[in-house]
Structure formats: C-alpha cells, structure tokens
Amino acid sequence: MYRPSLRRRLLAATLVLTAAGAAHAQEQVLNLYNARHYQTDEALYANFTKATGIRIQRVDADDAGILARLQSEGSASPADVVLLVDAARLWRAETQGLFQPVKSALLEQRIPATLRGQDQGQGSAWFGFSTRARVIVYSKVAVNKADVDTYEELGDPKNKGKVCTRSGSHPYNVSLFGSMLQHLGPEKTEAVLRGTAANMARAPKGGDTDQIRAVASGECQIALTNTYYLARMMRSDKPEDRAVIEKVGVVFPNQQDFGTHVNVAGGAVARHSRNREAAVRFLEYLASDEAQRYFADGNNEWPTVPSVKVANPALASLGAFKSETIPVATVGKNQSQVQQILDRVGYK
Ligand code: FE
C-alpha cells in the first residue's frame, strides 16, 4: 500500500495552492468605460461576475469624457466595453473608429435593428440597451396641451416667451433635432429651431430637471425633458419634487404623425479590446431578460428587447405612446448639419 510521506503530502498541497494562485492571477478582468451612474447597475455587474467569473473594472466619466479618453489612449487603451447614454455620441464614437463591429446572432435577434448601429456587413458597432423618450412638459395653468403637442409648436409665435431648454447643442437636443431633420427636412427644421430660439423665456442653461422645475416655478411655461428625469421626480420621496410634478403636464409630441423622438443608452466593444470574447459576452448579458430589467428600470427607462416588460409605476402613469420608427443611428448622422443650423439661428 502506498503511503505518501508527510513531506510528499506537504509538497502536493503546495502544488495545489500554487495552481490556485496561478488561476487567481489569470482571473479575467473586463475594463468597462461607463457613462451610466446608477446604483442599480452595481447588481448588474455583480450578477455578470457571478455567472461568468469575469470581474468588471470600471472607469466612470460622462460621454464626452469617455470619448476624449479613448481618443488619447489610442491603441494602448485598456478599454474593453464602452457604455454611453446617447445615440449621437454612440454614432460619433463609431465614426471616430473607437469601436469594433460585433457579429452576434443573439444581439441581432434580441435588439431591434433600428436601435443599434448600422450593420455594414461586419455587424453593428453598438447596441441600444434602453430607451428614453424626449417629451414636452408644460404648465397646467398657463398652457393648453393642444398648443404643445408637436415639436414644431416649440417654435410657433403663439408660444413666445414661454420656452426653456438646456443648451441647444447638448447631445439630447442634438439627437432630437437630428430626428426632426429626418422627419421634417432641413428648411422646416431650421424654421422651427429659429422660432424656438426666439420663444425662449430665458437663455438655455441647466439640465432637464432644471427645466421641469422652471416650469413649475413659473419661470417658463414649456420645456423639453427625457422621460426618466420626470419618472425620477415622480418616484422621489421629497415632497418638493412631488409638488413640482403636480404642476406640470406631460405630452408625447407628434402622436398624429411621425411619433415621439426616442433616444438610447447603449454599449459597444472598444476598438483595441484585448478581451473581445468576454466583451461580447458582456453585451449579450446586457440583452438578457434579467439585465434588461435592471438596466432599463434602474434609470426609469424602457428595455430595448421587445419581449421584456418592466413594472414601473411612474413610466406606466405616463401611458402608452407612439414612438418614431427611424433608425436611431440616423440622428447621429444628422448631428453636424444640426449644429450648423443651431449656429445659424443662434440657439446656443
Ligand atoms: Fe441624462
């Protein structure tokens, strides 16, 4: 009978420990450049690590900061996956060559073609994982809903002195105006934006939430906001937020024609990723039922995978609506033309 000596047994134990140590050293890490800053996303990353053993290492910045960083890092960039929160910025990053196209049967099957980057044969460069609508809010006491139920009416003389928005060249507005350019054509869009700039109650400033507050306080009467900012205030436990919501009406514009503009938050594999397989796996994970719920609902958005439903009382209270059907990538393509129009009409 073979009886290993104590020494042999110790040696064997050491070998096992060394092997474990080596496995640990090879632990796979995915570098995520992330423009999303929501608490619920933590659970998303933790679940991915639990399912795959791949650890997520995050760099947090805003869209513009991430693009600048990817540019300056070039081929030395450690980035594997990039998450951004606007279609115009996703498109820009794609055209700057910061992403690599991904061919994934799962992503193609789960994410509608209109909500991802255009496939030029090698797959899409980015994929939308949640949607938000850009809606009009108005003062319930000062404005009739019928006077603000299209984007065009933001520029109508009847709304003179009533409008407030964040900067015209903020990506959320550039994407909206890029959508209008697609639906209305350049002349009409320019006229609407010229009118909108002339209708301002104050010079553009602040974020979307500031515009909602300004409508409630009476500083202006009509504003633009993404739906999640509204939903966030609706769900707030601060009485002052609820009081603001009481005072404003919400309209999904252009229900009789092209539908309300919808933007995406989305993700891509970084151009110089050395972990392509794991990066694709992460994007595919974001399209899973579970991740879709976290990703969308965590920021009061809608999932892009049509079969996934979220139970979000604030979003539900806004009601069903007709959204535009143009590919969200076209708003990216239109952005430089939009910027020229904004410069011409003085909408800063
Ligand atoms: Fe935002």
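Before reading on, note that the structure itself is shown above.
Criteria and cut-off values
Residue numbering note: each chain is counted from 1, following its sequence as written. Note on the predicted model: pLDDT of at least 70 is required for a residue's local features to be given, and 80 or more for side-chain atom pairs to be given and counted; whole-chain, interface and lining totals, by contrast, use all residues. Hydrogens and water molecules were not included; the side-chain quantities draw on all heavy atoms of the structure. Strands are runs of DSSP state E lasting at least two residues, helices are runs of H or I lasting at least four, and both sets are numbered from the N terminus onward. Exposure classes here rest on a 1.4 Å probe applied to the protein chains alone. A residue is buried below 20% of its type maximum, exposed above 50%, and partly exposed in between. Whether two residues touch is decided by their heavy atoms; if any such pair falls within 4.5 Å, the residues are in contact. The Shrake-Rupley method, run with a 1.4 Å probe sphere, supplies the accessible areas, and residue values consider only the shown protein chains as cover. Just to be clear on terms, a salt bridge is a Lys or Arg side-chain nitrogen sitting within 4 Å of an Asp or Glu carboxyl oxygen. Fitting a line to C-alpha atoms yields each axis, with helices limited to the stretch in contact; the angle taken between N-to-C directions then spans 0 to 180 degrees. Should an angle fall under 35 degrees it is called roughly parallel, over 145 degrees roughly antiparallel, and 65 to 115 degrees roughly perpendicular, with every other angle called oblique. When the near helix sits turned anticlockwise from the far one by under a right angle, the crossing is termed left-handed; a clockwise turn instead gives a right-handed crossing. When residues are sorted by character, Ala, Val, Leu, Ile, Met, Phe, Trp, Tyr, Cys and Pro go into the nonpolar class, Asp, Glu, Lys and Arg into the charged class, and all the rest, Gly among them, into the polar class. Aromatic pairs are defined between Phe, Tyr and Trp rings, using the six-membered ring for Trp, whenever the two ring centres lie within 6.5 Å; interplanar angles under 30 degrees are classed as stacked, those over 60 as edge-to-face, and all others as tilted. Any two cysteine sulfur atoms within 2.5 Å of one another count as a disulfide. Working definition: the arc comes from the directions between the helix axis and the C-beta atoms, pointing outward to the latter.

A. Broad picture of the overall build of the chain. From N to C terminus, the chain includes 15 helices and 10 strands. Oriented by its inertia axes, the alpha-carbon framework of the chain measures out at about 100 × 45 × 35 Å. With 348 residues in all, the chain has 51% of them scored as buried. By sequence separation, contacts in the chain at least 24 residues apart represent 77% of the contacts at least 6 residues apart. Accessible area for the chain stands at about 15,800 Å²; split by element, carbon and sulfur atoms hold 52% of it.

B. Representation of the pattern of salt bridges. Evaluation of the coordinates by the stated rule reveals 18 salt bridges. Residues E73 and R69 are paired through a salt bridge, measuring 3.0 Å at the closest nitrogen-oxygen approach. Separated by 4 residues within a single helix, E73 and R69 lie in helix α3 (residues 63-73), roughly one turn from each other. A salt bridge links R134 to D208, with the shortest nitrogen-to-oxygen separation between them at 2.7 Å. Note that R134 is positioned in strand β5 (residues 127-139) and D208 in helix α8 (residues 208-217), a separation of 74 residues in sequence.

C. Broad picture of the packing of helix α2 (residues 41-52) against helix α12 (residues 289-297). Their axes nearest at 8 Å, the elements α2 and α12 cross at an angle of 160 degrees. By the angle between their directions, the pair α2 and α12 is classed as roughly antiparallel. Crossing handedness for the pair α2 and α12: left-handed. Facing α2, whose interface residues are A43, L44 and N47, α12 presents E290, A291, Y294 and F295. Residue composition of the contact of α2 with α12, by class: 5 nonpolar, 1 polar and 1 charged.

D. Up close: the packing of aromatic side chains. If you walk through the whole model with that rule in mind, you get 9 aromatic pairs. With 5.4 Å between their ring centres and 50 degrees between their planes, F48 and Y285 make a pair best called tilted. With F48 in helix α2 and Y285 in helix α11 (residues 276-286), the pair connects residues that are 237 residues apart, well separated along the chain. Assessed through its relative accessible area of 12%, Y285 is described here as buried. Consider the rings of Y228 and Y229, whose centres lie 4.3 Å apart with planes at 40 degrees: the pair is tilted. Classification of Y229 as buried rests on a relative accessible area of 14%.

E. Inspection of the state of the cysteines at higher detail. Counted under the stated rule, the structure contains 1 disulfide. With its sulfur 2.1 Å from that of its partner, C164 forms a disulfide with C220. Here the residue C164 occupies a position in strand β6 (residues 163-164), and C220 occupies one in the loop between α8 and β7 (222-226), the gap between them amounting to 56 residues. The pair formed by C164 and C220 is uniform in burial state, with each residue classed as buried.

F. Broad picture of helix α15 (residues 335-345). Buried within α15 are the following residues: Q335, V338, I341, L342 and V345. Down the axis of α15, the buried set is contained in an arc of 115 degrees. They therefore lie on one face. Turning to α15, the residues buried within the fold contact α4 (87-95), α6 (171-184), α7 (186-198) and α14 (329-333). Downstream of α15 by a residue or two, G346 has a phi angle that is positive, lying close to 70 degrees.

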